Amino acid sequence: MVDMKGTQLIHEYLRHNKKFPHVFCAGCGHGIVLGSLIRSIHGLGLSKDEVCVVAGIGCSGRLAAYVDFNTVHTTHGRALTFATGIKMAKPNMHVIVVMGDGDSMAIGGNHLIHAARRNIGVTALILNNNIYGMTGGQCSPTTPAGSFSMTTPLGQMEQSFDCVELCSAAKANYVARGTVFHVKKLDKMIMDGISNPGFGVVEILTPCHTQYGRKNKYRTPVDMYKMLKKDVIDIDRYEKLSEADKAKKVPSGVFVQKDDSGLEEKFYQMAAKCQGGA
Amino acid sequence: MARPRKKRNKEIFALGNEAVVEGALLAGCTFYGGYPITPSSEIMEIMAQRLPLIPNGSFIQMEDEIAGLGSVIGASLAGRKAMTATSGPGFSLMQEHLGYGCITETPLVIVNVMRGGPSTGLPTSPAQGDVQQARWGTHGDHSIIVLSASNVQECLDNTIEAFNLAEKYRTPVILLIDEITAHTREKIIIPNPDEYEVFNRIVPTMPPEWYKPYEETVRGVPPMPAIGSGYRFHVTGLTHDTNGFPTSRPDEVRELNERLFRKIDQFLHDVQLVDEVDTEDADVVVIAYGTVARSAELAVKQARDLGVKAGLLKLSTLFPYPRKATEKIMSKAHTLVVPEMNMGQMSREVKRVNNGQVSVRTINKVDGQIITPAEILKVLTRV
Ligand SMILES: Cc1ncc(C[n+]2csc(CCOP(=O)(O)OP(=O)(O)O)c2C)c(N)n1
Ligand code: SF4
């Protein structure tokens, strides 16, 4: 691993033939995730050719186009299905999937559950900004009850999904939650998610001030980062809180870590046996 | 180099669905991803048994048809020859990904064993109701190759053809068969390797820095590297420039869309496959496909016995519609007869090409029953 810092590192992994500027609003957390992803891959010492980044549709989905890996920008909600095919075809590749909260838990909810259940060896980064960014601020399955969006002008009356609980219940091998405010920890989680076998999920809380903030009293990016700083705490600290205090906070950290082998590994071992190998 | 030793052809007794699997494996298919549905399920079940037995073969049952085709596209991008099979409702679910396959130029094969519809319709009865869905089911304007098969041997042969065309033109190819052909058991011949051609996608040979994933070539089909082979590029369902990045510049948008049509349209002679029976001197020609073509073949023979100069144009390719072959028979015949198990999805194409020149008679049946030779003969003897 060559020692590179900051922008030098970023430039090594960005695509030079891609027309910039990028599509993200100034202050959007998605760019921080991009940096974290690059540092994690570099930190693991992976070559560019052994990494495939598969993305869904949404602002989050645009992330793939900027990085110099094998990249696939798929259809809304279905990134995990493409990733499953790629991983089955190329079990030695590190397949990393980038999805939004709407992408992964609304339209793609079924695929998320089943990717976790079958334990396919891909790493899913779920960029949760509690809103549909790209389509202009409609509510998503993680929009908190009571908060406002273009399609919940009276306040959200439905319950919201907890990504960590959902993926844990669906039996993912690795489940973690980080934020774009706690970047060092996030880098570590993404690295662990990639190196862990089987299906891994890193939920990343990332602010969308443009669509979520403006309707919910967080007018600037800074307001939103302050909220992440204040409300998101380590799981150990969270566990010690009273039930009333827990309701006001969001736990972060690693929730599940198992080392079951991924589906692709099991499949090829069994197939080798059938073909008369050891 | 020594020619491979001439082995005796292997004969087997197989279902149409089994023949599809044999054809796919002969063509080099190593990936199947899908979701079961009658009357296509045997294709998936046999694939689940066969693929683990071949080196590099892999199989996965996904959570629905959307996921099934998604996994097929992923595997194909990663260098595999990949397929899925389904029936009407599943084919409807696949439509968004079919369009994605077209714009990203991903070779893949979808077999749709048609059943009666609309909706869940008649799960175990034959129909030919998905012809126009195969052509226009996904959104946007695009070209597509759709094949069919009328007997069990053709299920094998045309599946090989479907893979070859998919690889040659970097495009999804749909094989439409109906429930009768899929579930008929017949003796078929498994060809020896030197008796059929297998086409593999062209991979780039230039250094990765020079490679432009969507650049124009003489054939209009850019070379296609596998994910992970050193050529790193972006694949997107958005309209893209020659580098693969999203664009809305009119000249770049036009260039891509026109090339996607051109790459297939300039090779119509290669993709439009038909068979002709007794058409040379025919006054009346039946145009048919799928199981109905078999009824038609018998009807034509019986009509000849009765002194009617009848012929058959059997379509193996449904789209791009074989216009040349139709025009040729129209120059002699005074009547075309188009029998189909739908309300006229293919006769629409025939009438379009015919443009009022000769008489076109249709026979349409949507009761879940096959069109019999007698029903076709009746029309042949009356025109
Ligand atoms: C089948 C389909 N339905 C709807 C859309 C429109 N659409 C595009 S992005 C999006 C939501 C994106 O929200 P999210 O996944 O939360 O990502 P973000 O933009 O917030 O990063 C929607 C509904 C689409 N592209 N495809
Ligand atoms: S709309 Fe929201 S999610 Fe999209 S780029 Fe802007 S801040 Fe980010």
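Cut-off values and rules
- Residues numbered from 1 in each chain as written.
- Chains lettered and ligands numbered in written order.
- Predicted model: local features only at pLDDT ≥ 70, side-chain atom pairs only at ≥ 80, totals over all residues.
- Heavy atoms only, no water.
- Phe/Tyr/Trp six-rings, centres within 6.5 Å; stacked < 30°, edge-to-face > 60°.
- Helix = DSSP H or I, 4+ residues; strand = E, 2+ residues; numbered from the N terminus.
- Buried < 20%, exposed > 50% of the residue type's maximum accessible area, 1.4 Å probe, protein only.
- Near = heavy atom within 4 Å.
- Nonpolar A, V, L, I, M, F, W, Y, C, P; charged D, E, K, R; others polar.
- pLDDT = per-residue confidence, 0-100.
- Axes fitted to C-alpha atoms, helices over the stretch in contact; angles between N-to-C directions.
- Parallel < 35°, antiparallel > 145°, perpendicular 65-115°, else oblique.
- Left-handed = near helix turned anticlockwise from the far one by under 90°.
- Contact = heavy atoms within 4.5 Å.
- Salt bridge = Lys/Arg side-chain N within 4 Å of Asp/Glu carboxyl O.

Asks: Tell me about the packing of aromatic side chains, residues and numbers included.
Replies: To describe a pair of aromatic rings, one takes the distance between the centres and the angle between the planes. Residue and element names in this part refer to chain A. Counted by the stated rule, this structure contains 8 aromatic pairs over all chains. Seen from their ring centres, Tyr13 and Phe69 are 5.7 Å apart, and the 35° between their planes marks the pair as tilted. With Tyr13 in helix H1 (residues 6-13) and Phe69 in the loop between strand E1 (51-55) and strand E2 (70-73), the pair connects residues that are 56 residues apart, well separated along the chain. Across this residue pair, the class does not change: Tyr13 and Phe69 are buried. A ring pair is formed by Phe24 and Tyr66, whose centres lie 6.0 Å apart and whose planes are at 65°; its orientation type is edge-to-face. One end of the pair, Phe24, is in the loop between H1 and helix H2 (30-43); the other, Tyr66, is in the loop between E1 and E2, with 42 residues separating them in the sequence. Given the relative accessible area of 3%, Tyr66 is considered buried.

Asks: Break down the site of ligand 2 for me, citing the residues and quoting the values.
Replies: In the vicinity of ligand 2, the residues found are Phe24(A), Cys25(A), Cys28(A), His30(A), Cys59(A), Asn129(A), Cys208(A), Thr210(A) and Gln211(A). Partitioning the shell around ligand 2 into residue classes produces 5 nonpolar, 4 polar and no charged.

Asks: Just give me the short version of the confidence of the model for chain B, but keep the residues and values in it.
Replies: Across chain B, pLDDT averages 96, with 98% of residues at or above 70. Here the predicted complex carries an ipTM of 0.97, next to a pTM of 0.97.

Asks: I'd like a rundown of the packing of helix H3 (residues 79-89) of chain A against helix H3 (residues 65-77) of chain B, residues and numbers included.
Replies: Contact geometry of H3(A) with H3(B) gives a least axis separation of 6 Å together with a crossing angle of 45°. With respect to H3(B), the axis of H3(A) lies oblique. For H3(A) against H3(B), the interelement crossing comes out right-handed. Residues Thr81(A), Phe82(A), Gly85(A), Ile86(A) and Ala89(A) of H3(A) touch H3(B), and the partners they reach there are Ile66(B), Ala67(B), Gly70(B), Ser71(B), Ile73(B), Gly74(B) and Ala75(B).

Asks: Quick rundown of the environment of Glu349(B)? Include the residues and the values.
Replies: All names here are of chain B. Relative to the assigned elements, Glu349 resides in helix H13 (residues 347-354). Note on Glu349: relative accessible area 8%, which makes it buried. In the structure, Glu349 is positioned 30 residues away from Phe319 in sequence and 9.5 Å away in space, judged by C-alpha atoms.

Asks: Before we move on, can you summarise the pattern of salt bridges with the specific residues and values?
Replies: Residues and elements named next belong to chain B. All chains considered together, the criterion is met by 33 salt bridges over all chains. Between Glu276 and Lys328 there is a salt bridge, with its nearest N and O atoms 3.1 Å apart. On the criterion of sequence distance, the pair formed by Glu276 in strand E11 (residues 274-277) and Lys328 in helix H12 (residues 323-330) is long-range, its members being 52 residues apart. For Glu276, a relative accessible area of 31% puts it in the partly exposed group.

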